[in-house]
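Read off the chains here:
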Amino acid sequence: MNLKEEILKLKKEKNACIMAHYYQDNDIQDVADYIGDSLALAKIAINVKEDIIVVCGVNFMGETAKILSPNKKVLIPDIKAGCSLADSCNPKDLKRLKEKYPDYKVISYVNTTAEVKALTDIVVTSSNAKKIVDSLPKDAKLIFGPDKNLGGYINKVTGRNMLLWEGGCHVHQRFSYSKIKDLKKKYPDAEILVHPECKKEVTELADFAGSTLAILNYVEKSSAKKFIVVTECGILHQMKIKYPDREFIAAPVEEDNIECNKCEYMRQNTLEKLYQCLKNESPEIIIDEKLRKEAIKPIDAMLKLS
Ligand code: 13P
Ligand code: SF4
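Since we're looking at a predicted model, the values are computed, not measured.

Procedures and definitions
- Counting starts from 1 at the beginning of each chain's written sequence and moves along it residue by residue.
- Chains carry letters and ligands carry numbers; both start at the beginning, A for chains and 1 for ligands, and go up in the order they are written.
- In keeping with the predicted nature of the model, local features appear solely for residues at pLDDT of at least 70, side-chain atom pairs appear and are counted solely at 80 or more, and the whole-chain, interface and lining totals rest on all residues.
- For side-chain calculations, the full set of non-hydrogen atoms in the structure is used, while hydrogens and water are omitted.
- A single heavy atom is enough: if one lies within 4 Å of a molecule or strand, its residue is considered near that molecule or strand.
- Strands here are runs of E lasting at least two residues and helices are runs of H or I lasting at least four, both read from the DSSP assignment and numbered beginning at the N terminus.
- For this classification, the nonpolar set comprises Ala, Val, Leu, Ile, Met, Phe, Trp, Tyr, Cys and Pro, the charged set comprises Asp, Glu, Lys and Arg, and every other residue, Gly included, is treated as polar.
- Throughout, disulfides are identified as pairs of cysteine sulfur atoms within 2.5 Å of each other.
- The classification of residues rests on relative accessible area computed with a 1.4 Å probe and restricted to protein chains. Under 20% of the type maximum is buried, over 50% is exposed, and intermediate values are partly exposed.
- Whether two residues are in contact is decided by their heavy atoms: any pair within 4.5 Å suffices.
- Salt bridge, as applied in this entry: a Lys or Arg side-chain nitrogen positioned within 4 Å of an Asp or Glu carboxyl oxygen.
- Only the stretch in contact is used when a helix axis is fitted, and all axes are lines through C-alpha atoms; the angle between N-to-C directions ranges over 0 to 180 degrees.
- By the definition adopted for this analysis, an angle is roughly parallel if under 35 degrees, roughly antiparallel if over 145, roughly perpendicular if from 65 to 115, and oblique otherwise.
- Each crossing is labelled by how the near helix is turned from the far one, with a counterclockwise turn of less than a right angle marking it left-handed and a clockwise turn marking it right-handed.

A. A look at the site of ligand 2. Residues in contact with ligand 2 amount to 13 residues; listed here are only the nearest, Cys83, Ser84, Asn111, Cys169 and Cys263. Of all elements in the fold, only α5 (84-87) and α10 (170-173) reach the threshold of two or more residues within the shell around ligand 2. Residue composition of the shell around ligand 2, by class: nine nonpolar, three polar and one charged.

Written out as structure tokens, the structure reads:
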């Protein structure tokens, strides 16, 4: 059986669309109708015409699509595709922190569960975090979570002093500062593109820091021919398709045996699981309506400001 052909057939029969994040396997990206960063996928979810949305990404991305499109059936190839960053913030602990700092507003990265979003004032993504924080009064008291590295980076570029949650993404934390520095010595003309979920010292090496989509778009504006890409290596697939005349080098991690730094959670989705998911219309993302109504408020606040 040709899985790609079967998926495209089922997609048509079931009036479904497929969304994929850049960290998906290449063959999943190749059958997707939309590929994007977290913000782009969230925005697309609002306007899709199809009855079914299959989110090829991790669980919080499926939840975000369902929160924004409650009348659609939202499917995910592997419901167990979690996220170490989303898991680093549990709603009970966030509630406790809010009680300790009652006059603070909570800004949460989109990589959070629906329960955490429901306790949040404004959701942000790595595409719009700077713009949103800049739009808030200079004296606003802010808690930023759960990614400490992204929060620290936003504090730096906005001149704020937000209280930071101690969470992180294990995939982005794996990148090696010293090996990237050595690589730059080998390729002095290469530009370093970094996702701000990386450790502070790694982000400080960047010629450009931004979300996956922002990194992809940056290449177009740059005159460099070579790029060291410091984020999950799935993004290299679209980079090579979009810019065939440029060279992209996946940045090294601390471990010597990993050439392509993959997110194990993202890669739990496979073409086979995508096929089964469309065929059986399962697993489906279900969110309690009361929770959904709370979780949509900070996402709407983000969409208004971004
Ligand atoms: P963006 O695609 O929004 O940059 O997010 C990166 C990420 O780690 C998603 O899990
Ligand atoms: Fe979560 Fe990191 Fe994987 Fe993104 S790359 S889904 S933040 S664990």
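B. Geometry of the state of the cysteines. Applying the stated criterion across every chain yields a total of one disulfide. With its sulfur 1.7 Å from that of its partner, cysteine 233 forms a disulfide with cysteine 260. With the S-S dihedral at roughly 80 degrees, the linkage between cysteine 233 and cysteine 260 falls on the right-handed side. Placement of cysteine 233 in the loop between β11 (226-230) and α14 (235-242) and of cysteine 260 in the loop between β12 (247-250) and α15 (271-280) is noted, with a sequence separation of 27 residues between them. When its relative accessible area of 7% is taken as the criterion, cysteine 233 is described as buried. On the basis of relative accessible area, cysteine 260 is assigned to the partly exposed category, the value being 33%. Cysteine 198 takes part in no disulfide bond, and the closest cysteine sulfur to it belongs to cysteine 169, at a distance of 8.1 Å.

C. Molecular detail of helix α4 (residues 59-68). With ten of ten residues buried, α4 is to be regarded as a mostly interior element. Within the span of α4, buried status applies to Asn59, Phe60, Met61, Gly62, Glu63, Thr64, Ala65, Lys66, Ile67 and Leu68. Buried residues in α4 make contact with β1 (16-21), α3 (38-47), β3 (52-56), β4 (73-75), α7 (114-117) and α16 (289-305).

D. Up close: the pattern of salt bridges. Evaluated as defined, the whole model comprises 21 salt bridges. In this structure, the salt-bridge partner of lysine 226 is glutamate 247, at a minimum N-O distance of 3.9 Å. With lysine 226 in strand β11 and glutamate 247 in strand β12, the pair connects residues that are 21 residues apart, well separated along the chain. Looking at lysine 226, the relative accessible area reads 26%, which means it is partly exposed. Classification of glutamate 247 as partly exposed rests on a relative accessible area of 38%.

E. Summary view of the packing of helix α13 (residues 212-221) against α14. Contact geometry for α13 and α14: axes closest at 11 Å, N-to-C directions at 25 degrees. As the angle between them shows, α13 and α14 are arranged roughly parallel. Between α13 and α14 the crossing geometry is right-handed. Residues Thr212, Ile215, Leu216, Asn217, Val219 and Glu220 of α13 pack against Ile235, Gln238, Met239 and Lys242 of α14. Its residues assigned to classes, the contact of α13 with α14 shows five nonpolar, three polar and two charged.

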